[in-house]
Amino acid sequence: MVEIKYVPSICPYCGTGCGINFVVKDGKIIGVEPWKRHPVNEGKVCPKGSFGYQFINHPDRLTTPLIKENGEFREASWDEALDLVASTLKKYADTDPNKLGFYACARSPNENIYITQKLARAGCGTQNVDHCARICHGPTVAGLATTFGSGASTNGYDSIEEADFIFCIGSNNMEAHPLFGRKIIRAINNGAKLVVADPRFTPTAKLAHEYMQFKTGTDVALMNAMIKIIIENDLQDDEFIANRTKGYEEMKEVAMKYDLDKAAEITEADPEQIKRVAIEYAKADKAAIVYSLGITEHSHGADNVMSTANLAMLTGNVGKIGAGVNPLRGQNNVQGACDMGALPSDYVGYQKVVNPEITKKFSEAYQMDLPTTPGLTLVEMMNAAHSGDLKVLYIHGEDPVLSDADIKHTKEAIANLEMLIVQELFMTDTAAEADVILPAAGWGEQEGTFTSGERRVQWLRKAQEPPEGTMLDWKIMEEVAVRMGRPRELFHYENAAEIWEEIRELAPSYYGITHERLLAPEGVHWPCLDPEDPCEPLMHKGKFAHPDGLGVFQAVEHRGPVEVPDEEYPLILTTTRILFHYHAAMTRRCETLDNEVPTGFIEINTEDAAERGILNNEMVKAYSRRGEIEIKAHVTDDIKKGIVNIPMHFTECAANMLTNSDSFDPKCKMVELKACAINVSKL
Ligand code: SF4
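We now turn to the structure provided with this report. Keep in mind it's a predicted model, so treat the numbers as computed, not measured. (Residues numbered from 1 in each chain as written. Predicted model: local features only at pLDDT ≥ 70, side-chain atom pairs only at ≥ 80, totals over all residues. Heavy atoms only, no water.)

### Details of the environment of Gly301
Then, in step 1: Residue position: Gly301 is located in helix H14 (residues 301-314).
Then, in step 2: For Gly301, a relative accessible area of 0% puts it in the buried group.
Then, in step 3: Residues Gly301 and Val635, spaced 334 residues apart in sequence, show a C-alpha to C-alpha distance of 29 Å.
Then, in step 4: Leave out the neighbours within four places in its chain, and Gly301 touches Pro139, Ile295, Thr296 and Asp665. (Helix = DSSP H or I, 4+ residues; strand = E, 2+ residues; numbered from the N terminus. Buried < 20%, exposed > 50% of the residue type's maximum accessible area, 1.4 Å probe, protein only. Contact = heavy atoms within 4.5 Å.)

Here you go:
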């Protein structure tokens, strides 16, 4: 008899964290149905949620460890591969642990991520551990922690439905976070006004009451001008500023330099529209800011984030439902990867490496004398590999050869390593460059937790057995640590729930999130200090998360992109995601999704295309100082003249062949993925 069952879990794509049910037939996942009782998506999913499961049983799955010899992969036993990895890590752990680096996977459950950072710290004694938030929402962590005391969203997702006014800047949530976008539509139906500020007339902008087009990389000038208008019209919330914040005068002094003429010159936005939107934002009873990577992926991403925080504090729009600063996290568990301590500066629960008491606590727990100096960030590790200072890189489920800026630089860096270890499901662009590949179990094949962008921790259930020949991520890393000679009592888990128990013990913010509570469909929001506390999603009600309880305004000046257009490279390239794709290794192996959009394209303004004689749908050459690609032209008026856009998912026309890895945000080490100078020509 055919057995069909439904196993509840969480979608592995964007940070919205929708509930799904795996449809399992005779022990194999054959489909996905929305989880009707789930509080986030209430029985709906987007195309990725519906069809994004198809990669799970794809014939490309890696099922045998591989070791490269003379440039070719050969199959190896688990014993051989694990011993090789462990002995190479141990060689440097015993002599110079800073020659080792670890990338954790923001799509993997929290428990796997926690063990990745534990292998780095407790296994090898290095703080060199990071993940892809560095190049997506690193500025959110830095910018909101500086202003609000916590680098996370201020409100839960449901809150947006109660907003009166939504200022959405640098977020195309209708494509990148569609079920959050559905909540915005509900807010509009409830009477909210939506303003979308973006260089592209995106599907989200098309829903808006007002679309504010402005030039890529000028967000700070735009928001400083809004702040000046609000203050000049005496619309600031004096009581909130006096009682709940500090640093207002310093912030005001800088913002007042941005009059409308100056802002219009920098941003190329309509000054009357800037004024109108600023006044409406300030007058609204509950005004919410929504942003995503359009704000963060800049060399001044943290400044952009702090500008959103300045606007919200100026108008008293923090600590209340329907308001706040709502960053939409990209990958499903990028919030969790930050939370779990896959950061070179923070242990689990944002406990600081530089705090000697905290490092003492973790040195004791991990039986390893750990440094109080933060380790290298993701981008710094790749640069250290490039210069020969990093010898071994252990990559858990990330694909930097496709997703990091400047692919040529990334490949050169990897070629310089003594060993690249990749723990993966598929032969990704990065795995192809590896020395050792460790085949891992994937989504649907393991238990654990994801944390969505609204800080909701949710339990994942296993729906099918992993393919024979693969191992669970945490078991692989546990085995590596033990083979390095680390004590078994440090790496001793029976299951993911035991790892979660250790996380609770070490991180006060999660102590209240017991395994029993996680089994409920609604999960639990952090911070949650007490198992009896309901732990509501709203943060900063009454006081901010800084020790003195005050929010801190930040004076920020417009800096603009590092690489500006010139005669040779007159166009600004921005990179984006599209509705049907996400992480290429997964969605490009989902037939239904890949059939919808089977390859990449470059969006170019009609005038820019006409100047070059480029026709819609013809193949063109796009080139920058780093490299060139051939790609199909999509000629459109939906993008501002002077700006071009390439979705980042496609290996055969990879946007990151063109992007710039030299342009750091000094506050968080973000590289400038949203703005570099390129040119486009006919082939
Ligand atoms: Fe998955 Fe995001 Fe779509 Fe929800 S909105 S189904 S989490 S991709």
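### Some words on the state of the cysteines
Then, in step 1: All chains considered together, the criterion is met by one disulfide.
Then, in step 2: The disulfide partner of Cys528 is Cys535, and the S-S distance across this bridge is 2.1 Å. The sign of the S-S torsion, about 75 degrees, decides the handedness of the disulfide formed by Cys528 and Cys535: right-handed.
Then, in step 3: With no disulfide of its own, Cys105 lies closest to Cys132 among cysteine sulfurs, the gap being 7.5 Å. (Disulfide = S-S within 2.5 Å.)

### Some remarks on the packing of aromatic side chains
Then, in step 1: A full pass over the atoms with the stated rule returns 18 aromatic pairs.
Then, in step 2: With a centroid separation of 6.1 Å and an interplanar angle of 70 degrees, the aromatic rings of Tyr13 and Tyr582 are classed as edge-to-face. Here the residue Tyr13 occupies a position in the loop between strand S1 (4-10) and strand S2 (19-25), and Tyr582 occupies one in the loop between strand S23 (571-576) and helix H23 (584-587), the gap between them amounting to 569 residues.
Then, in step 3: Since its relative accessible area comes to 1%, Tyr13 is described here as buried.
Then, in step 4: Here Phe165 and Tyr281 contribute two aromatic rings whose centre-to-centre distance is 6.2 Å and whose plane-to-plane angle is 70 degrees, an arrangement assigned as edge-to-face. Placement of the pair is Phe165 in strand S8 (residues 165-169) and Tyr281 in helix H12 (residues 271-283), with a sequence separation of 116 residues. Like Tyr281, Phe165 is buried.
Then, in step 5: Members of the aromatic cluster, connected to one another through ring pairs, are Phe22, Phe55, Phe426 and Trp443.
Then, in step 6: Here the guanidinium or amino end of Lys262 rests over the ring plane of Tyr258, the centre of that ring lying 4.5 Å away.
Then, in step 7: Lying across the ring of Tyr511, Arg504 places its NZ or CZ 4.5 Å from the centre. (Phe/Tyr/Trp six-rings, centres within 6.5 Å; stacked < 30°, edge-to-face > 60°. Lys NZ or Arg CZ within 6 Å of the ring centre and 35° of its normal.)

### Topic: the sheet that holds strand S13 (residues 325-327)
Then, in step 1: A sheet is described by the order of its strands in space; here five strands give the open sequence S10-S9-S8-S12-S13, paired in parallel fashion. Edge positions in the sheet fall to strand S10 (210-212) and S13, since each of these pairs with one other strand and no more. Strand after strand, the sheet turns through a mean of 20 degrees between neighbouring axes, direction not considered.
Then, in step 2: As judged from the five bridges shared by S8 and strand S12 (residues 287-291), these two strands associate in the parallel manner. For Phe167, the partnering residue across the bridge sits in S12 and is Ile289.
Then, in step 3: Strands in contact with helix H4 (residues 138-148) are S12 and S13; relative to S13, the strand with the most contacts, it is inclined by about 160 degrees. (Pairing = 2+ DSSP bridges. Axes fitted to C-alpha atoms, helices over the stretch in contact; angles between N-to-C directions.)

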